[in-house]
Amino acid sequence: MEKESLSSQAVADRGERLDKFLQREIGGSRNQIEQLIKKGFVTVEGKSVAKAGYKLAPGDSVEWRLPEPEKSKRYAVDFDVPILYEDDDILVLSKPSGVVVHPAPSVKEPTLVDWLKAKGVSLSTLSGEERHGIVHRLDKETSGAMVVAKNNAAHEKLSAQLQDKSMGRYYLALIDYPLKASGIVEAPIARNPANRLKMGIVAGGKAAKTRFEKLLSDEERKRELIAAKLYTGRTHQIRVHLGKLGRHIVGDRLYGFKSKGDKIDRILLHAYILYLDHPATGATMRFTAPLPPDMRGVLEEHFPKERVDEILDPCTFLRRFGDDCGGMLHQEPQSAKQPSSSQE
């Protein structure tokens, strides 16, 4: 059962969408606001409204209740997470493959949030008890760079950057057959009606746009290392858009396939470079999450090490997207630095 906190109320001072109004009043992600409305926790002029796009009129009274989810069982943390950067406002991590970001009823294992709490890291509270500090996420099998908010002010500003696209990530993926050419895929994404575990290109789905860059093909042209930049943040977006091109990420058993003798047991997708503006100083910052040993090992099995190193030089990599090396480009985990023990 969900417990509800005391309700809050505000009056619209102009005509605008309900979700935009609530995002300004409450903070949090667009998806969190949509779920709040969909689940009936929002009323306008005393009447329940279930549509995020409901148009408010000036003077409309909006009331909302914030649900407090039942705390899930805590599990002993048996993994560690490399820290790329930390200050009083943000913590940038290199999430290992196999780690779930936050607890959920279906999750029966320790999560990244459990690790953060076990380390005593100060965390924002905007996303609720189960998602303390979590501004954005990565799928369980995907590795790479993530930023965690250590206070609510930082969380609000980072969430705004997600919306206006001033924060984002560049990904690396090893695919099962070379792309014909670098380019952009634009196609709407929604839940696959034939398989609820998957997303798909569905008419009327949410707009989605991905840019793919060819990086390095093996001599037999059986596999290729590519880069991807997301212009939108849909679930499984890279995998769905690659599927439209007839390509799949190596190790992806949901959208791809498992070949005989394939020893790769996870999807070879890695969030390589994270960029953002610091929520307190406004400084442009970039962080590079080194490739995990399993993915680097597969690459060096199929490509010369010197070519891999050349391709993955952060500045060379960013120039392919017309970006530069401005800002801080952190590359090595701060293994000696321990998270702050202060609590908000």
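What you see is a predicted model, and the numbers here were worked out from it, not measured in a lab.

**Remarks on the packing of aromatic side chains**
Reasoning step 1: This model, assessed by the stated rule, comprises six aromatic pairs.
Reasoning step 2: Considering the side-chain rings of tyrosine 170 and phenylalanine 317, the 6.0 Å spacing of their centres and the 90° angle between planes classify their relative orientation as edge-to-face. With tyrosine 170 in strand β12 (residues 168–175) and phenylalanine 317 in helix α8 (residues 314–319), this residue pair connects regions lying 147 residues apart in the sequence. The burial state of tyrosine 170 is the same as that of phenylalanine 317; both residues are buried.
Reasoning step 3: Here the aromatic rings of tyrosine 170 and phenylalanine 321 are separated by 4.8 Å at their centres, their planes lie at 55°, and the arrangement is tilted. With tyrosine 170 in strand β12 and phenylalanine 321 in the loop between α8 and β20 (328–330), this residue pair connects regions lying 151 residues apart in the sequence. One exposure class covers both tyrosine 170 and phenylalanine 321, and it is buried.
Reasoning step 4: An aromatic cluster is defined as three or more aromatic residues linked by ring pairs; in this entry it consists of Tyr170, Tyr272, Tyr275, Phe317 and Phe321.

**Observations regarding the packing of helix α1 (residues 18–26) against helix α2 (residues 30–38)**
Reasoning step 1: Between α1 and α2, the least distance of the axes is 10 Å, while the angle of their chain directions is 115°. Between α1 and α2, the interaxial angle falls into the category roughly perpendicular. Crossing geometry of α1 relative to α2 is assigned as right-handed. Touching Leu18, Asp19, Leu22, Gln23 and Ile26 of α1 are Arg30, Ile33, Leu36 and Ile37, all from α2.
Reasoning step 2: Counted by class, the contact of α1 with α2 contains six nonpolar, one polar and two charged residues.

**Some details on unusual backbone geometry**
Reasoning step 1: Despite not being glycine, glutamate 45 shows a phi value in the positive range, around 55°.
Reasoning step 2: Glutamate 45 sits in the partly exposed class, given a relative accessible area of 48%.
Reasoning step 3: Of note, lysine 165 is a non-glycine position whose phi angle comes to about 70°, a positive value.

**Regarding the pattern of salt bridges**
Reasoning step 1: Taken as a whole and assessed by the stated rule, the structure comprises 20 salt bridges.
Reasoning step 2: Between aspartate 80 and lysine 119 there is a salt bridge, with the nearest N and O atoms lying 4.0 Å from each other. With a gap of 39 residues between them, aspartate 80 in the loop between β8 (67–68) and β9 (83–86) and lysine 119 in the loop between α3 (112–118) and β11 (143–149) connect regions that are remote in the sequence.
Reasoning step 3: A salt bridge links aspartate 294 to arginine 266; the nearest nitrogen and oxygen atoms lie 3.0 Å apart.

**Description of the confidence of the model for the chain**
Reasoning step 1: On average, the chain scores 85 in pLDDT, and the residues at 70 or more come to 87%.
Reasoning step 2: Across residues 335–344, confidence stays below pLDDT 50; counting only partners more than four residues off in sequence or on other chains, it has 28 contacts.

**Some thoughts on the nonpolar core**
One recurring pattern in soluble globular proteins: nonpolar side chains tend to sit buried together.
Reasoning step 1: The biggest cluster of nonpolar side chains holds 31 residues, and the ones touching the most others in it are Leu93, Leu112 and Leu116.
Reasoning step 2: Among the secondary structure elements, those contributing two or more residues to this core are β10 (90–95), α3, β11, β12, β17 (224–230), α5 (237–244) and β18 (269–277).
Reasoning step 3: In terms of residue count, the dominant contributor to this core is α3 (four residues).
Reasoning step 4: Apart from residues no more than four positions distant in its own chain, leucine 112 is found in contact with Phe79, Val81, Leu93, Val99, Val100, Val101 and Met146.
Reasoning step 5: With 24 residues, the next largest nonpolar core counts Leu268, Val298, Val308 and Leu312 among its residues.

**Re the sheet that holds strand β4 (residues 42–44)**
Reasoning step 1: Spatial strand order, β2-β7-β4-β5: four strands in an open sheet with antiparallel pairing. Only two strands of the sheet have a single partner each, and these edge strands are β2 (8–11) and β5 (47–48).
Reasoning step 2: Sheet topology places β4 next to β5; two bridges connect them, and they run antiparallel. Pairing of valine 44 across the sheet is with lysine 47, part of β5.
Reasoning step 3: Along the sheet face, α1 touches β2, β4 and β7 (61–64) and points at about 65° away from the line of β7.

**Here's the deal with the environment of aspartate 265**
Reasoning step 1: Here aspartate 265 is to be found in the loop between α5 and β18.
Reasoning step 2: Looking at aspartate 265, the relative accessible area reads 58%, which means it is exposed.

**A look at the pairing of β18**
Reasoning step 1: Of all nine residues in β18, eight are buried, a share of seventy percent or more.
Reasoning step 2: Bridge analysis of β11 against β18 gives two bridges, and the strand direction is parallel. By the bridge assignment for β18, glycine 144 is matched with alanine 271.
Reasoning step 3: Of the pairings in the sheet, the one linking β18 to strand β19 (residues 284–288) comprises five bridges and is antiparallel in character. Bridging across to β19, leucine 274 finds its partner in phenylalanine 287.

About the criteria used
Residues numbered from 1 in each chain as written. Predicted model: local features only at pLDDT ≥ 70, side-chain atom pairs only at ≥ 80, totals over all residues. Heavy atoms only, no water. Phe/Tyr/Trp six-rings, centres within 6.5 Å; stacked < 30°, edge-to-face > 60°. Helix = DSSP H or I, 4+ residues; strand = E, 2+ residues; numbered from the N terminus. Buried < 20%, exposed > 50% of the residue type's maximum accessible area, 1.4 Å probe, protein only. Axes fitted to C-alpha atoms, helices over the stretch in contact; angles between N-to-C directions. Parallel < 35°, antiparallel > 145°, perpendicular 65-115°, else oblique. Left-handed = near helix turned anticlockwise from the far one by under 90°. Contact = heavy atoms within 4.5 Å. Nonpolar A, V, L, I, M, F, W, Y, C, P; charged D, E, K, R; others polar. Salt bridge = Lys/Arg side-chain N within 4 Å of Asp/Glu carboxyl O. pLDDT = per-residue confidence, 0-100. Core = buried A, V, L, I, M, F, W, Y, C linked by side-chain atoms within 4.5 Å. Pairing = 2+ DSSP bridges.

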